[in-house]
Amino acid sequence: MAERTPDRIAVLPGIGIGLEVTGAMKRLLRQLDIESEDYPFGYDSIVEYGEPLTDEVLAACEASDAVLLGAVGTPPEEVERLSREGSGNEPTAEQGLLRLRRELDCFANLRPMEDYVPPSEDRPAVDLMLVRELLGGVYRGEGHITEDEAVDIVRYERHEVERIATIGFEVARTRAQEKGRPARLVSVDKANIEYISKFWRTIVTRIAEQYPDVECTHMFVDNAAMQIAARPWEFDVILTENAKGDILSDESAGRVHGSLGLAPSISLTARDAEGVPTGPDIAESVHGAGFDIAGEGKANPLATYYSVELMLRYTLKRPDDADNLRAAIDDVLHAQYRTPDMVTMGREGAFRIVSTNGMADLVSDRFADRLAARRPATSAD
Ligand code: IPM
Ligand code: MN
C-alpha cells in the first residue's frame, strides 16, 4: 500500500486561551499523524513585527494543507489605551485574521450548532448549520476614520453572493441526504432596508431555482435573532452575509450550549471539479481570547477539537478519523467529564469537572483506544 505523505498544518495559537487550546491539541495531532508548526499571529505579531500577519507566516500557511487558529484578540488594557489615545488607524489583531481569510480566499464559514450533550432544559434537539459569507460586506475593510467622521462601506459583488449561496444550498442538500429529512434553508437578510440585502435576496432566490429539492425561505435578521432565541430547533441551514453571521453564530451558540466553548467552525476555500480544496482551509473555533480565564486551565478545548473534526472531514478528506474523533469526544462527554463553562451553577455535583489539559488527555486516551480497536481490522483488509 502506498505511503500517504503526512498532512501538514500551520497552527496560529494567537493569544489568551488560544495558546492553551492549541497547546492541548498537540497530542491528538501526533496521533493523527499530522505534522504541525506554530507561528506568531495577531497581537504578539504586532508587538514583535509591527503587523498581525507577516508575509512569512502567510507563506507558511499557504504551503500547508490547513490552518488551525487558536484565538484572536487584543489585551483589554491595550483596547482601553487605544480607545483613549488611538487614531483608529493602528494595526489590529483582527485585521490579521481578515487578511488571512482573504489571502487564502476562505469565503465560506460553516458553523454547526448541535447538542453535543443532552440539554439541561426540556426542549427538542438542535442541529443547525450556519453558513456565513466570510469575506465581503463590512469585513472588506473599506472605509475610513478621521477625527470628524467614520465611514464603513458595506459592499457585495454578485459572484460573492452566488458562490456562498451555492455552498448553502449544497450543504442543505447534503445534510438532508445524510439525515434522511427534507432539505431546508433560511436566508437571513435585512432586505426591507439595505441595498446589499435586496441584492442578496434576488441572487439567493435565483440560485434557489437550481435546488428545487431545498425549501428556501427568507427572514429579516431581527426576526431571525428572535426565532433563534426562542426556537433554535426549527432551523436547519441558515445562510447569511458576513456581519449578520458573526452575530447570529454567537447568539445561537449561547442559546444552544450556554457558552462559546463548544462552537467550532471551518472556513472553506474554493473546491475544484473533484471537490478537492484548491488551498488550505482555516479551522477556527468561534470563541475569542477569553482573557478573563486565560492561563487558568479553564478553557474548553472542545470547540477546537470539533474544528479539527471539521478539518478532517471537509479539508483533509479523512472521514474515518473524523468519525473516530467525534466518537472519542462523545465517550468522554458520556462519562460526564466537563470543563467549567459547560456546567450551570448548582449542577457541579452531577459532573466530573476537568481542566483544559485534562479534557484533552481524556479525548486522546479514548481516541487511542479507538485506533487500537480498529487496527486488527485494518491489517486484515
Ligand atoms: C469570529 C470572530 C472574528 C470575526 C474576529 C475575531 C475578527 O468574531 O470569527 O466570529 O468577527 O469574524
Ligand atoms: Mn464572532
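Use the structure listed above.
Residues numbered from 1 in each chain as written. Chains lettered and ligands numbered in written order. Predicted model: local features only at pLDDT ≥ 70, side-chain atom pairs only at ≥ 80, totals over all residues. Heavy atoms only, no water.

> Break down the packing of aromatic side chains for me, with residues and values.
Scanning the model with the defined rule gives three aromatic pairs in all. With a centroid separation of 3.8 Å and an interplanar angle of 15°, the aromatic rings of Tyr116 and Tyr306 are classed as stacked. With Tyr116 in the loop between β4 (108–114) and β5 (127–133) and Tyr306 in helix α11 (residues 302–315), this residue pair connects regions lying 190 residues apart in the sequence. Between the aromatic rings of Tyr156 and Trp200, the centroid separation amounts to 5.8 Å while the plane-to-plane angle is 70°, which identifies the pairing as edge-to-face. One end of the pair, Tyr156, is in the loop between β7 (150–155) and α7 (158–179); the other, Trp200, is in helix α8 (residues 195–208), with 44 residues separating them in the sequence. Taking the ring centre of Tyr139 as reference, the NZ or CZ of Arg132 above it sits at 5.1 Å. Directly above the ring of Phe107 sits Arg163, whose terminal nitrogen or CZ lies 3.9 Å from the centroid. (Phe/Tyr/Trp six-rings, centres within 6.5 Å; stacked < 30°, edge-to-face > 60°. Helix = DSSP H or I, 4+ residues; strand = E, 2+ residues; numbered from the N terminus. Lys NZ or Arg CZ within 6 Å of the ring centre and 35° of its normal.)

> I'd like a rundown of the site of ligand 1, residues and numbers included.
Within the structure, ligand 1 sits among Glu94, Arg101, Arg111, Arg132, Tyr139, Asp246 and Glu284. In the model, an oxygen atom of ligand 1 is placed 2.8 Å from a nitrogen or oxygen of the Arg111 side chain. Across the complex, the protein chains shield 81% of the 320 Å² of accessible surface that ligand 1 would expose by itself. Taking a 2 Å distance to the grid points as the criterion, the majority of the atoms of ligand 1 fall inside the largest pocket. By residue class, the composition of the shell around ligand 1 is one nonpolar, no polar and six charged. (Near = heavy atom within 4 Å. Polar contact = N/O pair within 3.5 Å; in protein donor to acceptor, adjacent residues only side chain to side chain. Areas by Shrake-Rupley, 256 points an atom, 1.4 Å probe, with all protein chains shown as cover. 1 Å grid on protein atoms, 1.4 Å probe; cavity = no way out; pocket = protein on both sides within 12 Å on 5 of 7 lines; lining within 4 Å. Sits in = over half its atoms within 2 Å of the grid points. Nonpolar A, V, L, I, M, F, W, Y, C, P; charged D, E, K, R; others polar.)

> A description of the pairing of β7 should follow, citing residues and the corresponding values.
Here strand β6 (residues 137–145) pairs with β7 via five bridges, running antiparallel. Opposite His144, over in β7, you have Val151 as the bridge partner. The hairpin formed by β6 and β7 contains four residues between the paired strands. (Pairing = 2+ DSSP bridges.)

> I'd like a description of unusual backbone geometry, backed by residues and values.
Positive phi is not limited to glycine here, since Asp105 has a value of about 55°. Mapped onto the secondary structure, Asp105 falls in the loop between α6 (93–103) and β4. Phi at Gln336 takes a positive value of approximately 70°, unusual for a residue other than glycine. With respect to the element layout, Gln336 can be found in the loop between α12 (319–334) and β13 (337–338).

> Before we move on, can you summarise the layout of surface pockets with the specific residues and values?
Put simply, the largest pocket is a space of about 1,200 Å³. Lining the largest pocket are 47 residues, and of these Val72, Glu94, Gln95, Leu98 and Tyr139 lie nearest its centre. Contributions of two or more residues to the lining of the largest pocket are made by β3 (66–71), α6, β6, β7 and α10 (242–257). For the lining of the largest pocket, the element with the highest residue contribution is β6, accounting for eight residues. Classifying every residue of the lining of the largest pocket by side-chain character gives 17 nonpolar, 15 polar and 15 charged. In this model, the second largest pocket occupies a volume close to 760 Å³. If you go around the second largest pocket, you meet 29 residues; those closest to its centre are Leu110, Met129, Thr174, Glu178 and Tyr314. Elements with a minimum of two residues in the lining of the second largest pocket: β4, β5, α7 and α11. If one sorts the elements of the lining of the second largest pocket by residue count, α7 sits on top with seven residues. Taken together, the residues of the lining of the second largest pocket sort by class into 14 nonpolar, three polar and twelve charged. (Points joined across faces, edges and corners; volume = space filled by probe spheres on them.)

> Quick one: what's the story with the nonpolar core, residue by residue and with numbers?
The biggest cluster of nonpolar side chains holds 65 residues, and the ones touching the most others in it are Leu302, Tyr305, Val308, Met311, Leu325, Leu333 and Val363. Beyond its immediate sequence surroundings of up to four residues, Val308 is in contact with Met25, Leu28, Leu32, Leu68 and Leu325. Core analysis: the next-biggest nonpolar cluster, separate from the first, contains 20 residues, Leu12, Leu58, Cys61 and Ala71 among them. (Core = buried A, V, L, I, M, F, W, Y, C linked by side-chain atoms within 4.5 Å. Buried < 20%, exposed > 50% of the residue type's maximum accessible area, 1.4 Å probe, protein only. Contact = heavy atoms within 4.5 Å.)

> Give me the lowdown on the state of the cysteines, citing residues and values where you can.
What is meant by a disulfide is a covalent connection between two cysteines, made through their sulfur atoms. Under the criterion given, the structure shown has zero disulfides. Lacking any disulfide linkage, Cys61 is separated from the closest cysteine sulfur, that of Cys106, by 9.9 Å. (Disulfide = S-S within 2.5 Å.)

> Which residues make up the environment of Leu130, and what values do they have?
Mapping Leu130 onto the fold places it in strand β5. In this structure Leu130 comes out as buried when scored by relative accessible area, which is 0%.

> Tell me about the environment of Glu215, and please be specific about residues and values.
Here Glu215 is to be found in strand β9 (residues 214–220). With relative accessibility at 46%, the residue Glu215 sits in the partly exposed group. For the pair Glu215 and Leu185, spaced 30 residues apart in sequence, the C-alpha to C-alpha distance is 6.1 Å.

> So what about the environment of Leu69? Which residues, and what values?
Its place among the elements puts Leu69 in strand β3. The buried category is assigned to Leu69, whose relative accessible area is 3%. Spatially, the C-alpha atom of Leu69 lies 11 Å from that of Gly96, the residues being 27 residues apart in sequence. Setting aside residues no more than four positions away along its own chain, Leu69 makes contact with Leu12, Thr22, Phe41, Leu97, Ile282, Ala283 and Glu284.

> Help me get a handle on the pattern of salt bridges, residues and values and all.
Where charged atoms of side chains with opposite charge meet at close range, the side chains can pair. Scanning the entire structure with this criterion turns up 40 salt bridges. Among the salt bridges present, the one from Glu160 reaches Arg140, with a minimum N-O distance of 2.6 Å. Here the residue Glu160 occupies a position in helix α7, and Arg140 occupies one in strand β6, the gap between them amounting to 20 residues. For Glu160, a relative accessible area of 4% translates into the label buried. Looking at Arg140, the relative accessible area reads 15%, which means it is buried. Lys244 is the partner of Glu241 in a salt bridge, and the nearest nitrogen-oxygen pair spans 2.9 Å. A single burial state applies to Glu241 and to Lys244, both of which are buried. Linked by salt bridges that have partners in common, Glu78, Glu80, Arg81, Arg84 and Glu85 make up one network. (Salt bridge = Lys/Arg side-chain N within 4 Å of Asp/Glu carboxyl O.)

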